[in-house]
Amino acid sequence: MSLIAEKTTPFKLCGRENNQEKTVIEFGKTSIGGNELAIMAGPCAVESEAQLLEIAGYLKKTGVSILRGGAYKPRTSPYSFQGLEREGLQLLNRIRKATGLLVVTEVLDQHTISEVAENCDILQVGSRNMQNYSLLRELGRLKKPVLLKRGMSATIEEWLMAAEYIMSGGNNEVILCERGIRTFETYTRNTLDLSAVPLLKELSHLPVIVDPSHATGKYSLVPAMCKAAIMAGADGLIVEVHPCPSEALSDGAQSLLPCKFSNLVRELRDVAALAGKTI
Ligand code: PEP
Ligand code: MN
């Protein structure tokens, strides 16, 4: 290999070298990667129609346009709640149609891609699947945005190469999501690598969002990390919200009550303005 070839970026498609213009993903009235700060919020897992309706109502009142919720849950233990699966997807789609909210939900494997894609606006690839190359390749054939979470022990380069797998199939709509990485620290669930945000902005033209819920594992830390993420240059946030966190079937400890979330978004408007973004 020549010296010149070695110096060329490995990020042929997601790198800045060959594409200086930032990627903005448009959804009618909302966009991700532009001047607007994209906020996605909702429960870790879809549990019932009542739960989703309550949260959707709060999102609408708060001016948040993207609902999150897992129908297929990649749980560390096979004995934990695995999600409502197809029924959960149908609930998400019903709420999406009734409220006009956009929906982001996780896809766990190749076999369920079309079923998940039919019922949502953005497909999430979870941390545990960031290097599932056959899944990434299939998502590359899709015409729907993919939210690609950072693997819990992935380097920035491994993460961007995972984005290349999707983009090399023809799907350029990839959103990178920093959700914390494994370190020696045990007081937080993961360690939020905020320096990844401005670094990714240097290396790539893709939108970058931050998930302070999985990064910290503690609801009390979420507001401060949301503010820090915005000031670090994030294009958006994905936050877990539950009507009754103590009864949540997954990730209750890191979920905000809807009223706390609404107050937080009010505070974030000022922070976003400082960072040159609108909510
Ligand atoms: C989630 O978003 O609920 C989730 C499982 O996240 P992660 O893949 O980052 O652990
Ligand atoms: Mn979760």
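Everything in this summary refers to the structure shown in the same document.

Definitions and limits used
- Residues numbered from 1 in each chain as written.
- Chains lettered and ligands numbered in written order.
- Predicted model: local features only at pLDDT ≥ 70, side-chain atom pairs only at ≥ 80, totals over all residues.
- Heavy atoms only, no water.
- Near = heavy atom within 4 Å.
- Polar contact = N/O pair within 3.5 Å; in protein donor to acceptor, adjacent residues only side chain to side chain.
- Areas by Shrake-Rupley, 256 points an atom, 1.4 Å probe, with all protein chains shown as cover.
- Nonpolar A, V, L, I, M, F, W, Y, C, P; charged D, E, K, R; others polar.
- Phe/Tyr/Trp six-rings, centres within 6.5 Å; stacked < 30°, edge-to-face > 60°.
- Helix = DSSP H or I, 4+ residues; strand = E, 2+ residues; numbered from the N terminus.
- Buried < 20%, exposed > 50% of the residue type's maximum accessible area, 1.4 Å probe, protein only.
- Core = buried A, V, L, I, M, F, W, Y, C linked by side-chain atoms within 4.5 Å.
- Contact = heavy atoms within 4.5 Å.

### Description of the site of ligand 1
Part 1: Around ligand 1 lies a shell formed by Cys-44, Arg-68, Lys-73, Glu-106, Gln-124, Gly-126, Ser-127, Arg-128, Lys-149, Arg-179, His-214 and Glu-240.
Part 2: Between an oxygen atom of ligand 1 and a side-chain N or O atom of Arg-68, the distance comes to 2.8 Å.
Part 3: A distance of 2.8 Å is found between an oxygen atom of ligand 1 and a side-chain nitrogen or oxygen belonging to Lys-73.
Part 4: Protein burial of ligand 1: of its 300 Å² of free accessible surface, 97% is covered by the chains.
Part 5: Across the shell around ligand 1, the residue classes tally to 1 nonpolar, 4 polar and 7 charged.

### Considering the packing of aromatic side chains
Part 1: Overall, the coordinates contain 1 aromatic pair when judged by the stated rule.
Part 2: Between Tyr-133 and Tyr-165, the ring centres sit 4.3 Å apart and the planes meet at 25 degrees, which makes this aromatic pair stacked. Placement of the pair is Tyr-133 in helix 5 (residues 133–140) and Tyr-165 in helix 6 (residues 156–167), with a sequence separation of 32 residues.
Part 3: Residue classification places Tyr-165 among the partly exposed positions, given a relative accessible area of 25%.

### A look at the nonpolar core
Part 1: Leu-67, Leu-139, Leu-148, Leu-176, Leu-237 and Phe-261 are the most contacted members of the largest nonpolar core, which totals 68 residues.
Part 2: Filtering out sequence-adjacent residues up to four positions away, Leu-139 remains in contact with Val-107, Ile-113, Leu-123, Val-125, Val-146, Ile-166 and Asn-171.
Part 3: Judged by nonpolar contacts, the second largest core, of 14 residues, contains Ile-25, Phe-27, Leu-102 and Ile-175.

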